[in-house]
Amino acid sequence: YLFTKVIKTQINASLPFNKKIWKQIISEKIRNQALVLGLCNQKDNAEFLYKISSTVKSGDTENKEGYAAKLYWKFLFGPNFVRDRYLDGINSLLNYGYAIIRASMARAVCSCGLLAALGIHHKNNLNQFCLVDDLFEVYRPLVDYEVYKLANQNKKEVTPEVKKILADILWIKVSTSNGFSPVDTDITIAVII
């Protein structure tokens, strides 16, 4: 019932406000990547990423996201790994998992009355889900960790079994300020806030 008000607020968001939000998103994404490395028994590498997350500036003008990602992928999947959405193997598992999280985020964004095409940082005129792509960045490391575990079991193809495992990411309980919630619920709460 507040659809018009919500859209006007979204449209009128200032550039400094959007840059501040983007900084928060990227800082949290890098912290979550560090958390994944910690879960993978890479304490020193995790600490290094935590330090990077604390240096992100408004709008991520120094591209700490890209710098952290370059290190993160090598730490997580080895020095020869290249993140490329067009490659098979681990990359195809990442793509599938991201699609699941992105769909949940799209549902949350639309159900809250936000314009999915009006992004904070992503601005591609051909993308109808720029805001979704902005907001789901924080959740990518959840997929990364599940894919890491699958890869360690030598499951590197998108099979029905792997699809189910990746779809179940939405039901993993994550820590929130109000206790623990399934990822799918946390996504909705994050969009509302």
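Only a predicted model underlies this, so the values are computations on that prediction, with no experimental measurement involved.

Below, the discussion takes up the pattern of salt bridges. Counted by the stated rule, this structure contains 11 salt bridges. Its salt-bridge partner being Glu137, residue Lys29 comes within 2.6 Å of it at the nearest N-O pair. Of this pair, Lys29 sits in helix α2 (residues 15-39) while Glu137 sits in the loop between α6 (130-135) and α7 (140-152), and the two are 108 residues apart along the sequence. Overall, the relative accessible area of 5% leaves Glu137 in the buried class. A salt bridge links Lys64 to Glu62; the shortest N-O distance between them is 3.8 Å. Connected through salt bridges with shared partners, the residues Lys29, Glu65, Glu137 and Arg140 form a single ionic network.

Across 4 bridges, the pairing between strand β1 (residues 173-176) and strand β2 (residues 179-182) is antiparallel. Pairing of Thr176 across the sheet is with Gly179, part of β2. The antiparallel hairpin formed by β1 and β2 contains 2 residues in its connecting segment.

For the rest of this paragraph, the subject is α2. Between its terminal C-alpha atoms α2 stretches 36 Å, which fits the 36 Å expected from 25 residues at 1.5 Å a residue. Of the residues flanking the start of α2, the one acting as N-cap is Ser14, its side-chain oxygen 3.1 Å from the backbone nitrogen of Phe17. Once α2 finishes, Asn41 follows within two positions and takes phi at roughly 60 degrees, a positive value.

Of all hydrophobic cores here, the largest spans 51 residues; its most connected members are Trp73, Leu76, Phe77, Leu94, Ile101 and Met105. Among the elements of the structure, α2, α3 (43-53), α4 (64-77), α5 (90-111), α6, α7, α8 (160-167) and α9 (183-192) are those that each provide at least two residues to this core. Of the residues forming this core, the biggest block, 10 residues, is contributed by α5. If we ignore the near neighbours within four places in the chain, the residues touching Phe77 are Ile90, Leu94, Asp144, Val147, Tyr148 and Ala151.

To continue, consider the state of the cysteines. Counted according to the given criterion, the structure contains 0 disulfides. We note that Cys112 lacks a disulfide partner, and the nearest cysteine sulfur, in Cys110, lies 9.4 Å from it. Not part of a disulfide, Cys130 finds its nearest cysteine sulfur in Cys110, a span of 13 Å.

Scoring rules and cut-offs
- Residues numbered from 1 in each chain as written.
- Predicted model: local features only at pLDDT ≥ 70, side-chain atom pairs only at ≥ 80, totals over all residues.
- Heavy atoms only, no water.
- Salt bridge = Lys/Arg side-chain N within 4 Å of Asp/Glu carboxyl O.
- Helix = DSSP H or I, 4+ residues; strand = E, 2+ residues; numbered from the N terminus.
- Buried < 20%, exposed > 50% of the residue type's maximum accessible area, 1.4 Å probe, protein only.
- Pairing = 2+ DSSP bridges.
- Expected span 1.5 Å × (residues − 1).
- Polar contact = N/O pair within 3.5 Å; in protein donor to acceptor, adjacent residues only side chain to side chain.
- Core = buried A, V, L, I, M, F, W, Y, C linked by side-chain atoms within 4.5 Å.
- Contact = heavy atoms within 4.5 Å.
- Disulfide = S-S within 2.5 Å.

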